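Chain and residue survey
As a plain string of letters, each chain reads:
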Amino acid sequence: MTPSLRVYHDDDISPAALEGAEVTVLGYGSQGRAQALNLRDGGVGVRVGLRAESASRHLASQDGFAVVEPTAAVAGASFVAVLVPDEVQREFFSGEVAPNLRPGAVVIFAHGGPVHFGDVALPEGVDVVLVAPMGPGRILREYYVEGRGLNAKVAVAQDATGRGWPRALAYARALGCGRAGVIATTFADEARLDLFSEQAVLCGGVPALAEAAFETLVAAGYPPALAYIECVREIKYIADLMFEYGVDGMRRRISSTALYGGATRGPRVVGPEAEKALKEILEAIEDGSFAAEMKKRWPGREEFLKAVRNDGLEAAREEFEKTVRRAESE
Ligand SMILES: NC(=O)c1ccc[n+]([C@@H]2O[C@H](COP(=O)([O-])OP(=O)(O)OC[C@H]3O[C@@H](n4cnc5c(N)ncnc54)[C@H](OP(=O)(O)O)[C@@H]3O)[C@@H](O)[C@H]2O)c1
């Protein structure tokens, strides 16, 4: 049987659980900034917790937030949102957050991974919930300002007060997510689906395919800047159509040649070998071996970025920016 979804919109969610709450947002990066700004615009009292040497302090203060050290920020709050990168949460949570939580507080995560894969041990006497916006922080903020919302997934891992669900839902509503739909799930499913979609499609399959197609064109002697436009930039227009109308709706809006060529050649690109790889990727997420591998192999963000950079593609992008794009904006 296909599992059905429990979805909440603004009208289904009481904001009462957040009334009078003191919310601490730990971290002021992609999610931290967007969440803090949305909450404040909705009338919620927010303070930001950042370490003394934090590079984000200036921006948070400039945005008008009181910024305090994480330990003090946690101790003063009934809602604590942990919005620092996943790979630092083990140490950060056990050192700065857990020992300072008020009894009865609620801890909010934006991704289920650290709890599901056991990096974060749940402290007694507090609620532990998930409010995971389904998109980047920049879009969460942009949509909120435009009066729209981003979907979010919510879950409860520990319900010490019996108020875990209403608190998670009220928090998601305050982020603007109830305007679009807040979907009930579990930490385990959120962690697995999020990892799978980013590895198989969004941040893995799509960029890898774009790079391979770009390299095929360049190796055949086509101009790199043109290959860059065809294989990278044009993804947006097709992605926008799929976002708005779905895959069939996209197909209905492209040329007959694109429709025929795409539908007959796509399955050659994503054939049995790709299907096998997709299954293996999912298995490695489900059995925890991906999480263990990343813990062992992650060298730090900058070093990893250097290792995976495609110099040929970047050179083509620069050429595009200097020539075509310059002309576009003149
Ligand atoms: N990025 C997204 O759009 C997105 C979408 C959905 C869910 N999520 C989830 O949201 C959470 C936050 O992700 P993010 O992408 O927003 O993170 P991020 O932008 O990388 O977070 C950066 C913030 O974390 C602080 N920070 C970094 N390392 C720290 C440490 N060791 N101790 C204390 N503070 C530290 C940084 O402060 P300093 O200046 O001190 O380094 C900065 O304020 C994650 O669980 C992620 O999975 C993210």
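Residues numbered from 1 in each chain as written. Predicted model: local features only at pLDDT ≥ 70, side-chain atom pairs only at ≥ 80, totals over all residues. Heavy atoms only, no water.

Taken in spatial order, the nine strands make up an open sheet running β1-β9-β8-β7-β6-β5-β2-β3-β4, and their pairing is mixed. Across the chains shown, the open sheet's two edge strands, defined by having one partner strand only, are β1 (7-8) and β4 (66-68). Sheet analysis places β1 next to strand β9 (residues 182-184), joined by two bridges and oriented antiparallel. When the bridges of β9 are listed, Tyr-8 appears paired with Val-182. Along the sheet, helix α8 (residues 187-202) contacts β6 (106-109), β7 (127-133) and β8 (152-158); its crossing angle with β7, the most-contacted strand, is approximately 30°. (Pairing = 2+ DSSP bridges. Helix = DSSP H or I, 4+ residues; strand = E, 2+ residues; numbered from the N terminus. Contact = heavy atoms within 4.5 Å. Axes fitted to C-alpha atoms, helices over the stretch in contact; angles between N-to-C directions.)

Here the focus is the domain arrangement of the chain. Each assigned domain of the chain is listed with its residue range as follows: domain 1 (7-185) and domain 2 (197-329). Using only C-alpha atoms to locate each centre, domain 1 and domain 2 end up separated by 31 Å. Between domain 1 and domain 2, the residue contacts involve five residues of the former and six residues of the latter. Inspection of the domain 1/domain 2 interface yields one salt bridge. Between Lys-295 and Asp-119 there is a salt bridge, with the nearest N and O atoms lying 2.9 Å from each other. Residues that form the side of domain 1 that touches domain 2 fall into these classes: two nonpolar, no polar and three charged. (Domains from an automatic or database assignment. Salt bridge = Lys/Arg side-chain N within 4 Å of Asp/Glu carboxyl O. Nonpolar A, V, L, I, M, F, W, Y, C, P; charged D, E, K, R; others polar.)

Turning our eyes to something else, we now look at a nonpolar patch on the surface. A grouping of Val-201, Leu-202, Val-206 and Ile-235 is seen on the molecular surface, where their side chains present a nonpolar patch of about 300 Å² in accessible area. Mapping Leu-202 onto the fold places it in helix α8. Classification of Leu-202 as exposed rests on a relative accessible area of 55%. (Patch = residues over 30% accessible without salt bridge, like charges linked within 9 Å, V, L, I, M, F, W, Y side chains within 5 Å. Areas by Shrake-Rupley, 256 points an atom, 1.4 Å probe, with all protein chains shown as cover. Buried < 20%, exposed > 50% of the residue type's maximum accessible area, 1.4 Å probe, protein only.)

With respect to the helices, strands and loops of the structure, Pro-136 is situated in the loop between β7 and α6 (137-145). Considered as a pair, Pro-136 and Met-242 are 106 residues apart in the sequence and their alpha carbons are 18 Å apart. With residues near it in sequence (within four places) discarded, Pro-136 still touches Ser-30, Gln-31 and Leu-150.

As a structural note, the neighbourhood of the ligand is formed by 23 residues, with Tyr-28, Gln-31, Arg-51, Ser-56 and Asp-86 the closest of them. Between an oxygen atom of the ligand and a main-chain N or O atom of Gln-31, the distance comes to 2.8 Å. Contact distances for the ligand include 3.2 Å between an oxygen atom and a backbone N or O atom of Gly-137. Compared with its free state, where it exposes 890 Å², the ligand has 75% of that area covered by protein. For the shell around the ligand, a count of residues per class yields eleven nonpolar, ten polar and two charged. (Near = heavy atom within 4 Å. Polar contact = N/O pair within 3.5 Å; in protein donor to acceptor, adjacent residues only side chain to side chain.)

Of the pockets and cavities examined, the second largest pocket occupies roughly 250 Å³. Considering the residues around the second largest pocket, the lining is formed by 16 residues, among which Pro-15, Leu-18, Gly-42, Val-44 and Ala-174 are closest to the centre. Among the elements that take part in the lining of the second largest pocket, helix α7 (residues 164-174) stands out by supplying three residues, more than any other. Of the residues belonging to the lining of the second largest pocket, the class tally is seven nonpolar, five polar and four charged. (1 Å grid on protein atoms, 1.4 Å probe; cavity = no way out; pocket = protein on both sides within 12 Å on 5 of 7 lines; lining within 4 Å. Points joined across faces, edges and corners; volume = space filled by probe spheres on them.)

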